[in-house]
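Read off the chains here:
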Amino acid sequence: MTSRWCTTTWKRSPPVPDDPPPTSPAHGGLPPPVPPGPSPFTALLVRFAGELRAAGLAVGSGDVLVYCSALARLDPSDLIDLYWAGRATLVSRHDDIARYDEVFRRFFLGTEDLDEELTLMLRASAQAQGALAIPAVEPGDSGEQDEAVLGWMASDVEALKHKSFPACTPEELAALRRIMARIRLTPPRRRTRRTASARSSGSRPDPRRTVRESMRMQGEPARLYWRRRKVRLRPLVLILDISGSMADYSRSLLQFAHSALRSTGRSAGRVEVFCFGTRLTRVTGAMACRRPDEALERAARAAFDWDGGTRIGDSLDAFVRGWARRGLCRGGIVVICSGGLDRGDPAVLAAAMERLSLLCHRLVWLNPHKGDDRSFRPSTLGMMVAAPHIDLLLSGHDLASLEKLAATLPSLN
């Protein structure tokens, strides 16, 4: 009996492809970020994340990897990319933004011991400083107006805000516009005839509330309640000169007006913006959009006399006859931004200023030609005619003067 051995030939199975990388629902179904390769900035970013963790922010290892991956696709030597990439990946709560800004300023712009090579690679340009200048709002006491105070991130921005608009480069003007967009402009408040319930004390007793509370105590008087007068924001009217003599300042002043229009809002108070060269143009509706560049472009299309002649008296007379007499500025603050170079009749300007000063609560004049000269005296005919009717004369030639106006407005009660 012959035995037959069955020979089995073993074939090598084809290689099984690797499993696809797992997806993460936290990243929208996309593969998790791949850690970047070795870079001189990696250790720096890890140290920065450690500083944030020491300051109380919940920054994990995965957040640091996402931060490094984000900067691998950006420019890590740019302060703007460093700031916004970290804020988008390392900050998970809105309350932690202030601490993140403080740590970022101390680590990258302060006295932190960085390598000389990394210090030279960090570009502290004016645009970057403008992006990092974030205002801090300090609330005041109840019944008083909140004041907006700019928290500057570097000394370069502090020097930039005292630089005149005509002397700024296009990059510096772009930085100033980014800072100006965050200014909170708040008009002063006035007391109305209506009253509201007061928490502690007021000007007159509240018998209705007092009786209601005593009935809950079985008729026993327990506490005397009070009422106080309500307060409302005063109207704010900005009248801007866009003639040829104000060409170096008109765009920045319109940007400031757009910030005022955006910060107060229609529900909080009435803000009106007018432009004039040879005639008056209302641009409030044209500037009621979110993007500043688009708002300025629409305002330029609405005012056809841009960079033209100057007729301050005729423009203010048109404002008094068409708008002020209808109650637009009744009890409000009127801010006129002009250099005072008028080519019209001085008698018309004097009559319009006199009527306007009687119709509004306060009349403020911004003259960019005043500058920082405290002993400034009006030298043009238009300013000499208007000076007796002006309550406050300020300068609008740089960001510091506009910031001073924003800080002064709440005190014009």
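You'll find the structure just up there.
It should be emphasised that the depicted structure is a prediction, and the values quoted were computed from it without experimental measurement.

The rules behind these values
- Residues numbered from 1 in each chain as written.
- Predicted model: local features only at pLDDT ≥ 70, side-chain atom pairs only at ≥ 80, totals over all residues.
- Heavy atoms only, no water.
- Helix = DSSP H or I, 4+ residues; strand = E, 2+ residues; numbered from the N terminus.
- Buried < 20%, exposed > 50% of the residue type's maximum accessible area, 1.4 Å probe, protein only.
- Contact = heavy atoms within 4.5 Å.
- Areas by Shrake-Rupley, 256 points an atom, 1.4 Å probe, with all protein chains shown as cover.
- Phe/Tyr/Trp six-rings, centres within 6.5 Å; stacked < 30°, edge-to-face > 60°.
- Lys NZ or Arg CZ within 6 Å of the ring centre and 35° of its normal.
- Salt bridge = Lys/Arg side-chain N within 4 Å of Asp/Glu carboxyl O.
- Pairing = 2+ DSSP bridges.
- Axes fitted to C-alpha atoms, helices over the stretch in contact; angles between N-to-C directions.
- Left-handed = near helix turned anticlockwise from the far one by under 90°.
- Nonpolar A, V, L, I, M, F, W, Y, C, P; charged D, E, K, R; others polar.
- Expected span 1.5 Å × (residues − 1).
- Core = buried A, V, L, I, M, F, W, Y, C linked by side-chain atoms within 4.5 Å.

J.: Describe the overall build of the protein chain, naming the residues involved and giving the relevant values.
T.: When its secondary structure is counted, the protein chain shows 15 helices and 11 strands. Counting all 413 residues of the protein chain, 43% fall into the buried class. Sequence-distant contacts in the protein chain: of pairs separated by 6 or more residues, those separated by 24 or more amount to 74%. By element, 51% of the accessible surface of the protein chain is carried by carbon and sulfur atoms, the whole surface being about 23300 Å².

J.: Describe the packing of aromatic side chains, naming the residues involved and giving the relevant values.
T.: Per the stated rule, a full pass over the model turns up 10 aromatic pairs. When the centroid spacing of 5.9 Å and the interplanar angle of 65° are considered together, the rings of Phe-48 and Tyr-100 count as edge-to-face. Note that Phe-48 is positioned in helix 1 (residues 42–54) and Tyr-100 in helix 4 (residues 97–108), a separation of 52 residues in sequence. You can call Tyr-100 buried: its relative accessible area is 0%. Within the aromatic cluster, the residues linked to one another by ring pairs are Phe-48, Tyr-67, Tyr-83, Trp-84, Tyr-100, Phe-104 and Phe-107. In this structure, Arg-326 is placed above the aromatic ring of Trp-323, and the distance from its NZ or CZ to the ring centre is 5.8 Å.

J.: Can you tell me about the pattern of salt bridges, naming the residues and giving the values?
T.: Within the structure shown, the criterion is met by 13 salt bridges. The residue Asp-96 makes a salt bridge to Arg-99 at a minimum N-O spacing of 2.5 Å. Measuring nitrogen to oxygen at the nearest pair gives 3.7 Å for the salt bridge that ties Arg-311 to Asp-314. For Arg-311, a relative accessible area of 34% corresponds to the partly exposed category. Judged by relative accessible area, Asp-314 falls into the partly exposed class, the value being 33%. In the salt-bridge network here, residues are joined through shared partners; they are Asp-317, Arg-321 and Arg-355.

J.: I'd like a rundown of the pairing of strand 5 (residues 226–233), residues and numbers included.
T.: With six bridges joining them, strand 3 (residues 189–197) and strand 5 adopt antiparallel strand pairing. Following the sheet pairing, Arg-191 is matched in strand 5 by Val-231. Note: strand 4 (residues 204–205) against strand 5, two bridges, orientation antiparallel. Paired with Pro-205 across the strands is Trp-226, a residue of strand 5.

J.: Can you tell me about the sheet that holds strand 4, naming the residues and giving the values?
T.: Taken together, three strands build an open sheet; the order of strands is 3-5-4 and the sheet is antiparallel. Every other strand in the sheet has two partners, leaving strand 3 and strand 4 as the edge strands with one partner each.

J.: Pulling in residues and values, what's your account of unusual backbone geometry?
T.: Although it is not a glycine, Asp-307 adopts a positive phi angle of roughly 60°. Its place among the elements puts Asp-307 in the loop between helix 11 (292–302) and helix 12 (312–322).

J.: Lay out the sheet that holds strand 8 (residues 280–282) with the relevant residues and their values.
T.: The six strands lie next to each other as 8-7-6-9-10-11, forming an open sheet whose pairing is mixed. Single-partner strands in this sheet number two, and they are strand 8 and strand 11 (392–394). Here the average twist between neighbouring strands, direction ignored, is 20°. Here strand 6 (residues 236–241) pairs with strand 9 (residues 333–337) via five bridges, running parallel. Paired with Ile-239 across the bridge in strand 9 is Ile-336.

J.: Can you explain the environment of Ser-61? Please cite residues and give values.
T.: The residue Ser-61 is located in helix 2 (residues 61–72) in this model. Of the residues examined, Ser-61 reaches a relative accessible area of 59% and is grouped as exposed. Taking the C-alpha atoms as reference points, Ser-61 and Val-46, 15 residues apart in sequence, are found 9.3 Å from one another.

J.: So what's going on with the packing of helix 2 against helix 3 (residues 79–90)? Residues and values would help.
T.: Where helix 2 contacts helix 3, the axes come no closer than 9 Å and their chain directions differ by 145°. Every pair of crossing elements has a handedness; the one defined by helix 2 and helix 3 is right-handed. Within the contact between the two elements, helix 2 uses Asp-63, Val-64, Val-66, Tyr-67, Ala-70 and Leu-71 and helix 3 uses Asp-81, Leu-82, Ala-85, Gly-86, Thr-89 and Leu-90. Among the residues forming the contact of helix 2 with helix 3, the class breakdown is eight nonpolar, two polar and two charged.

J.: How would you summarise helix 3 if you had to cite specific residues and measurements?
T.: Along its 12 residues, helix 3 runs 16 Å from first to last C-alpha, staying within 8% of the 16 Å computed at 1.5 Å per residue. Where burial is concerned, most of helix 3 is hidden: nine out of the 12 residues are buried. For helix 3, every residue scored as buried is listed here: Leu-79, Ile-80, Asp-81, Leu-82, Tyr-83, Ala-85, Gly-86, Thr-89 and Leu-90.

J.: Outline the nonpolar core, supporting the account with residue identities and numerical values.
T.: Among the nonpolar cores identified, the biggest contains 43 residues, and Leu-236, Met-287, Val-335 and Leu-405 are the most heavily contacted of them. Elements with a contribution of two residues or more to this core: helix 8 (170–180), strand 6, helix 10 (250–268), strand 7 (271–276), helix 11, strand 9, strand 10 (362–366) and helix 15 (399–408). The element best represented in this core is helix 10, accounting for six residues. If near-sequence neighbours (up to four positions away) are discounted, Leu-405 is found in contact with Phe-256, Val-335, Val-364, Leu-366 and Leu-394. Residues Ile-312, Leu-356, Cys-360 and Val-385 belong to the second largest nonpolar core, which totals 25 residues.

J.: Explain the packing of helix 12 against helix 13 (residues 346–359) to me, and be specific about the residues and the numbers.
T.: Between helix 12 and helix 13, whose axes approach to 8 Å, the crossing angle comes to 35°. In this structure, the crossing between helix 12 and helix 13 has a hand that is left-handed. For the pair formed by helix 12 and helix 13, the contact residues are Ile-312, Gly-313, Asp-314, Leu-316, Asp-317, Phe-319, Val-320 and Arg-321 on the first element and Val-348, Leu-349, Ala-352, Met-353, Arg-355, Leu-356 and Leu-359 on the second. Class assignment of the residues belonging to the contact of helix 12 with helix 13 gives a composition of 10 nonpolar, one polar and four charged.

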